[in-house]
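# Topology and contacts: notes
Here is how the chains run, residue by residue.
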Amino acid sequence: MKKTTKFFSWTPDPGPRTLHFTMETTEKTELSILSEISRISNSTIGLAEKLRRIVEVIAKGMGKDGASVFLIDRSGKTVTLHAAVGLNQESIGKLSFPIGMGIAGWVAEQKVPLALEEPYADPRFAYVPESGIGSFKSLVAAPVMDEDSCLGVIFVLSSSVWQATSSDITLLTTTANQLSGVIKSARLFKGLQDRLADLASIYEIGMALTSTLDLEQLLSLIAKSTTQSLRAQGCTIRLMNLPEIVSKKTFAYHSIIGEAIRELDARIGPAIADRVAGQSRPLLIQDVSKDGSFNESTSGSVISVPLLFREKVIGVITLYNKQKDGQMFSDEDLQFLTTVASNAAVAVENAAMYERMEDLAIEARTRAQELSILNDIGTAMSTTLNLDRLLRIILTAATMGGSGLGFNRALLLLTNDRTNSLQGMMGVGPANWEEAGRAWGEVSSKHKSLMEWIQTGELFEHRDSALNALARGIRVMLDPAEGVLALTVLNKQPYNVTNAAADPAVPKDFRELLKVNSFATVPLIAKDRVIGVVLVDNMFNQRQITDGDIRFLTMFAHQAALAIENAVIHTNLETMNKDIRSLHEQLVQSEKMAALGAMMAEITHEIRNPLVSIGGFTRRLAKKLQHSEDKKYIDIILSEVSRLEGIIHDNLSYIKEVSLQLADTDVNSLILEILTLYEDELAQRRISVETKLYPVMPLLKIDAPQIKQAVINILKNAMEAMENGGTLSIKTCVLDDTHEAAIEFGDTGPGVTAKTMHNIFNPYYTTKPRGTGLGLPITNRIIKAHKGKIDLKNKETGGAVFTIKLPVSSTK
Amino acid sequence: MKKILVVDDEKNIRELYKEELEEMGYAVTTVSDGVQALLAMGTGKFDLVTLDMRMPDQDGIETLRKMKEKDSTLPVIICTAYEEYKHDFGSWCSDAYVVKSADTGLLRETVKKILG
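## Description of the overall build of chain A
- Looking only at helices and strands, chain A has 20 helices and 24 strands in total.
- Across chain A, every contact between residues at least 6 apart in sequence was considered, and the portion connecting residues at least 24 apart equals 63%.

Below you can see the structure in the form of structure tokens.
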């Protein structure tokens, strides 16, 4: 062995090694090599650089021109070249042998040193020409041992034939032991560094997790940071479909990072998540293509960990493929992911909780706002019991923005129980775009609340809008076949029509009337009874009507229905009150009349007897004074007596309760009979008569003498109206619409003044100097007793027309 | 000669009817109330009675009932100032109902119709 000390710059060491200062050259060599290795080992350079320098020291220290270090891989199945001198540097990291193969593999397996003077002849030798080994002739190898386990193999290579001595081998073995320390400490340092890096990553992820409460953002953050930390190709997070975790999602939430793994995740992600969630255990799959349970042909490495919150699985996080090809996830990676997942779970739960709270807060705020609006509207509605005003308030509230519901147009319809139909009552909203723009501009510039509109009275200003006319024109029978309006009433439920054209419940003509393709209807329900329907649309801003709108509208409709019901009840009460009052007045009147009647009967009776005496004897006197000049005085007495008797008769007729003796009567004959009776008088008064009697007049169930009396009174009235003669036209017919028999009397007199028109049927009202004022009132009473009607009109051509209408008995 | 009994509480009316009917050729007896009328019926035979409704002591309705009890075939003409009871005269079993009037034409006609 050659002296090699000249290669070392030796500095005296104050330690125990100074004791060996005078040792032999070999020992000195060994000492200097070990000391150099120790120095390198303590330096702060990386393991690769340390190994490179160490092989240099060994080669030079042993006077050879090559040396190398192979390290057993983490898998423990191969040895790989990590540092070399005299070999091709490109082989570093690439040249590797399975354990047991080649010299390196053999030494690693046997864990004994080996010296080969002629390695090429040795069957264990595996020649790899590109490594540059061909330039060497002999070699010595020693295992790098850490107690019982082998970390790698160290070679010394000689370009000349070299028969190594036992001291050479001992030197190399000692050096290898020293190297073992270097490798171990380096690896420990590396482990520590990794651990530190992990901790740093976890810390960073932890920081990230607390940086947001937005669930989506948080999930994407977790996915991104774990993907980076574990140098994976992608990550997916699935959240379990638990309502308490994600309130608004109906299906498991899915956050994905990394486009490259999207397809793979779609294929195997759900199954992996199911397995992990089901077993509530982390999962490491080195290669999914080799795992039969996934039926996957693409190879890929996967780790998946459950997100646990209070021992409950709330989701699964899965990472795919290391970024480096062929590299697989390790147990350390899984451990790291588990740590991250436990933090992430808490953050996810917090975010979900926060999101739910936020949703609740938003909902609470919306509700509060709605209630406030409803309260305002309720106050507004309570300002009136007038139905018309109330409907205007309701519809204005439905169409007002801000303090109202904000629909573009609103129509209100009320049910009619009698006709079993729905009748349009009112419509509020602009007629066209220009009007819409103007109205909104007006509202926004004035900033008026509903109450202010009401208080200033502006709301009730007469506005005869086109929409109002449209609303009032709607009339729908309550039959399901009539469509959505009828259905709203019959099914007591709102309808949100989003596409009227395609909706079989919306009749074409109704859609064309509204001129919109989407609208909503809601029933007005008061005390379980549907009293009407409110229809709203957003014709102008085209805003879609949401379920939230329908819910709010329903609450509003409930309130409106109660207000309408109240107003209707109030109106009914008022009417009833009026009826009662008028009934009371009638009662008082009839009591008065009864008393008056009794008194009149008494008086007339008392007057009649003396009149009979006066008149009776005067007549007797008249016979005796037939030819006397004084006869004219007698005649005056007689005519006045007969007038008085007429007054008495009329009074008694008027007072008398009309009791009817009904019998089938031909009115036409009755009229002709009367005309015959008055033929002479009519002729005397130069009145011609024109009759137009309905040939198929049905028999009427009437009290013939009384109707006769009624007709005579009208006839007399007409005759008196035509002082200078004229034409009396009498017509009978049956009215188609009301199914009544009508008798019409037209005269050619001066007509009737407005004052007379008003009073003509009142007793004791007369325009004639000698009238009793009871003729037409008696007629009126008789006709009314027959449940008929009598009215009086002036003809345009002059003269008056009396019309008597009598019911035609339905049995006939 | 046919005999007529005129029952009326008004003296002037009795006088008027007596004169008018005697002029027609009847024998007329007059009384002023129902009680006397029934007494008269006991003493003499009449062919016709004209009966007022409202009289003191005993009204016409009561008198009519009693007269018909005595002689159901005796014709009775109700002769009254009340025209409002005309409809009901049948139920009172009278043979005619004449409303008193200064014109005695209707009364005379009715009497003539019954007595011939």
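Now that the structure has been shown, the text picks up again.
## Looking at the overall build of chain B
- Helix and strand counts for chain B come out as 4 helices and 5 strands.
- When its helices and strands are written in sequence order, chain B yields β-α-β-α-β-α-β-β-α.
- Here chain B holds 116 residues, and the buried ones make up 39% of them.
- Taking the intrachain contacts of chain B between residues at least 6 apart in sequence as the baseline, contacts between residues at least 24 apart amount to 57%.

## Things to note about the interface of chain B and chain A
- The interface of chain B with chain A comprises 15 residues on the first partner and 19 residues on the second.
- Of the residues in the side of chain B that touches chain A, the class split is 5 nonpolar, 3 polar and 7 charged.

## A short note on the environment of Leu638(A)
Residues and elements named next belong to chain A.
- Within the fold, leucine 638 resides in helix H15 (residues 631–655).
- In this structure the C-alpha to C-alpha distance between leucine 638 and leucine 611, which are 27 residues apart in sequence, comes to 9.9 Å.
- The contact partners of leucine 638, leaving out residues within four places of it in the chain, are Gly615, Thr618, Arg619 and Ala622.

## Considerations on the sheet that holds strand E23 (residues 789–794) of chain A
All names here are of chain A.
- Spatial ordering of the open sheet is given by E19-E21-E22-E24-E23, a layout of 5 strands whose pairing is mixed. At either end of the open sheet lies a strand with only one pairing partner, and these are strand E19 (687–692) and E23. Ignoring strand direction, the axes of neighbouring strands in this sheet form an average angle of 15°.
- Pairing of strand E22 (residues 740–746) with strand E24 (residues 800–807) involves 7 bridges; the strand directions are antiparallel. Its bridge partner lying in E24, glutamate 744 is registered against threonine 803.

## What to know about the environment of Ala561(A)
Residues and elements named next belong to chain A.
- Counting through the fold element by element, alanine 561 comes out in helix H14 (residues 547–624).
- Classification of alanine 561 as buried rests on a count of 22 C-beta atoms within 10 Å.
- A C-alpha to C-alpha distance of 9.6 Å links alanine 561 and isoleucine 394, two positions 167 residues apart in sequence.
- In contact with alanine 561, not counting residues within four places along its chain, are Leu524, Ile525, Ala526 and Ile531.

## Points about the nonpolar core
All names here are of chain A.
- Counting residues in each nonpolar core, the largest one holds 54 residues, and the members touching the most others are Ile394, Ala398, Ala410 and Val534.
- Counting residues per element, this core draws most heavily on H14, at 8 residues.
- Those residues within four positions of isoleucine 394 in sequence are excluded, and the remaining contacts are Met381, Leu412 and Ala560.
- Of all hydrophobic cores here, the second largest spans 51 residues; its members include Leu51, Phe136, Ile154 and Leu171.

## Some thoughts on the packing of helix H18 (residues 704–721) of chain A against helix H20 (residues 775–785) of chain A
All names here are of chain A.
- Axis separation between H18 and H20 bottoms out at 9 Å; the angle between their running directions is 145°. In the crossing of H18 with H20, the sense of the turn from one axis to the other is left-handed. Two secondary-structure elements touch here, H18 through Gln706, Ile707, Gln709, Ala710, Asn713, Ile714, Lys716 and Asn717 and H20 through Gly775, Leu776, Ile778, Thr779, Ile782 and Ile783.
- Across the contact of H18 with H20, the residue classes break down as 7 nonpolar, 6 polar and 1 charged.

## Topic: the environment of Ala398(A)
All names here are of chain A.
- Turning to its location among the elements, alanine 398 is positioned in helix H8 (residues 387–399).
- Using a count of 27 C-beta atoms within 10 Å as the deciding quantity, one classes alanine 398 as buried.
- Alanine 398 sits 137 residues away from leucine 535 along the chain, and the two C-alpha atoms are 9.7 Å apart.
- When near neighbours in sequence (up to four residues on either side) are disregarded, alanine 398 contacts Gly404, Leu405, Phe407, Ala410, Val534, Val536 and Phe556.

## Regarding the confidence of the model for chain A
Residues and elements named next belong to chain A.
- With 91% of its residues at a pLDDT of 70 or more, chain A shows a mean pLDDT of 83.
- Considering each helix and strand of chain A separately, the mean pLDDT is smallest for strand E8 (residues 254–257), with a value of 66, and largest for strand E15 (residues 495–497), with 94.
- Below a pLDDT of 50 lies the segment residues 1–23, which in the model reaches 21 contacts outside its immediate sequence neighbourhood of four places, other chains included.
- Contacts for the low-pLDDT stretch residues 244–252, under 50 throughout, to residues beyond four places or in other chains number 15 contacts.

## Concerning unusual backbone geometry
Residue and element names in this part refer to chain A.
- With a phi angle near 50°, arginine 310 is a residue other than glycine that sits in the positive phi range.
- Of note, arginine 310 is situated in the loop between strand E10 (302–309) and strand E11 (312–322).
- Note on arginine 310: 8 C-beta atoms within 10 Å, which makes it exposed.
- One non-glycine residue, lysine 515, lies in positive phi territory at about 60°.
- Within the secondary structure, lysine 515 is located in the loop between helix H13 (508–514) and strand E16 (519–526).

## A look at the sheet that holds strand E1 (residues 3–7) of chain B
Residues and elements named next belong to chain B.
- Overall, parallel pairing links the 5 strands, which are arranged E2-E1-E3-E4-E5 in an open sheet. The open sheet terminates on both sides in strands that have one partner only, identified here as strand E2 (27–31) and strand E5 (96–99). Each strand of the sheet is rotated relative to its neighbour by a mean of 20°, with strand direction disregarded.
- Note: E1 against E2, 5 bridges, orientation parallel. Looking at E2, one finds that valine 6 is bridged to threonine 30.
- Sheet strands touched by helix H3 (residues 60–70): E1, strand E3 (48–51) and strand E4 (76–80). Its angle to E3, the strand with the most contacts, is close to 165°.

## With respect to helix H6 (residues 262–279) of chain A
Residue and element names in this part refer to chain A.
- The first and last C-alpha atoms of H6 sit 24 Å apart over 18 residues, in line with the 26 Å expected at 1.5 Å per residue.
- A bend of about 50° at isoleucine 268 is the largest found in H6, and the proline proline 270 appears one to four places after it.
- Those residues of H6 that sit buried are Leu264, Asp265, Ile268, Gly269, Ile272, Ala273 and Val276.
- A positive backbone phi angle near 50° is found at serine 280, which sits one or two residues after H6.

## Describing the pairing of strand E1 (residues 66–72) of chain A
Residue and element names in this part refer to chain A.
- Counting buried residues in E1 gives 7 out of 7 residues, a clear majority hidden from the surface.
- Of the two faces of E1, the one holding Gly66, Ser68, Phe70 and Ile72 and the one holding Ala67, Val69 and Leu71 are both buried throughout.
- Taken together, the 6 bridges between E1 and strand E6 (residues 149–158) define a ladder with antiparallel strand orientation. Residue pairing for E6: alanine 67 is matched across the bridge by valine 156.
- Pairing of E1 with strand E2 (residues 78–85), which is carried by 6 bridges, proceeds in the antiparallel orientation. Bridged to alanine 67 within E2 is valine 85.
- Counted along the chain from E1 to the antiparallel partner E2, the turn is 5 residues long, and its residue glycine 76 has a positive phi close to 80°.

Here is what the cut-offs are and how they apply
- Residues numbered from 1 in each chain as written.
- Chains lettered and ligands numbered in written order.
- Predicted model: local features only at pLDDT ≥ 70, side-chain atom pairs only at ≥ 80, totals over all residues.
- Helix = DSSP H or I, 4+ residues; strand = E, 2+ residues; numbered from the N terminus.
- Contact = placed C-beta atoms within 7 Å.
- Buried ≥ 20, exposed ≤ 12 C-beta atoms within 10 Å, placed from the backbone.
- Nonpolar A, V, L, I, M, F, W, Y, C, P; charged D, E, K, R; others polar.
- Pairing = 2+ DSSP bridges.
- Axes fitted to C-alpha atoms, helices over the stretch in contact; angles between N-to-C directions.
- Core = buried A, V, L, I, M, F, W, Y, C linked by C-beta atoms within 7 Å.
- Left-handed = near helix turned anticlockwise from the far one by under 90°.
- pLDDT = per-residue confidence, 0-100.
- Expected span 1.5 Å × (residues − 1).
- Bend = angle between axes of the 7 residues up to and from the residue.

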